[in-house]
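Listed below, chain by chain, are the residues.
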Amino acid sequence: QVPLVESGGGLVQAGGSLRLSCTGSERTSSSFVLGWFRQAPSKEREFVAYINKEGDTAYADSVKGRFTISKDHAKNTMYLQMSSLRDEDTALYYCAASWTWDARRSDLYTFWGQGTQVTVSS
């Protein structure tokens, strides 16, 4: 069983919006935190946002005010609503599950999805 599956990536013009989805599994249902990371070509994977079991959220400064993370418990699905997209948001976006509170580093996450590509064109 694949622990996490992302969807919703695609090609969008600068200034546009996109919503990513991440569907969890039984293996991730007990996690404390679900997060989004991204990796652009030739760059390290970087933290984007997370949401914990209490519903608290955290964002990277680069996306604060433009991206919104949310979760639908009934569907076991997490979302990342991205607005005012910029060229620098182009990356492969991953969702991941962690059993560490306030997890902003990738090494604190145990399960990862395969990633979904977001490409912003200017």
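Heads up: these notes are all about the structure in this document. It should be emphasised that the depicted structure is a prediction, and the values quoted were computed from it without experimental measurement.

Let's talk about the overall build of the chain
Each helix and strand counted, the chain has zero helices and 11 strands in total. In the chain, the succession of helices and strands from N to C terminus is β-β-β-β-β-β-β-β-β-β-β. Here the chain has a C-alpha radius of gyration of 13 Å; the compact-globule value for 122 residues is 14 Å, and the two agree. Based on the C-alpha atoms only, the size of the chain along its principal axes is roughly 40 × 25 × 25 Å.

Quick look at the sheet that holds strand S1 (residues 5-7)
Hydrogen bonding along the main chain pairs the strands of a sheet, whether they run parallel or antiparallel. Reading across from one edge, S1-S3-S8-S7 is the order of the four strands in this open sheet, with antiparallel pairing throughout. Among the strands making up the open sheet, the edge pair consists of S1 and strand S7 (67-72). Direction aside, the axes of adjacent strands within the sheet are offset by 15° on average. Relative to strand S8 (residues 77-82), strand S3 (residues 18-23) is paired through six bridges, and the arrangement is antiparallel. Bridged to Leu20 within S8 is Leu80.

Observations concerning the state of the cysteines
Summed over the entire model, instances satisfying the criterion amount to one disulfide. The disulfide bridge from Cys22 ends at Cys95, spanning 2.1 Å between sulfur atoms. In this structure the cystine formed by Cys22 and Cys95 twists about its S-S bond by roughly 70°; its chirality is therefore right-handed. Within this pair, whereas Cys22 is found in strand S3, its partner Cys95 is found in strand S9 (residues 91-98), the two being separated by 73 residues in sequence. In this pair, the class of Cys22 matches that of Cys95, namely buried.

Conventions used here
- Residues numbered from 1 in each chain as written.
- Predicted model: local features only at pLDDT ≥ 70, side-chain atom pairs only at ≥ 80, totals over all residues.
- Heavy atoms only, no water.
- Helix = DSSP H or I, 4+ residues; strand = E, 2+ residues; numbered from the N terminus.
- Rg over C-alpha atoms; globule rule 2.2 N^0.38 Å.
- Pairing = 2+ DSSP bridges.
- Axes fitted to C-alpha atoms, helices over the stretch in contact; angles between N-to-C directions.
- Disulfide = S-S within 2.5 Å.
- Buried < 20%, exposed > 50% of the residue type's maximum accessible area, 1.4 Å probe, protein only.

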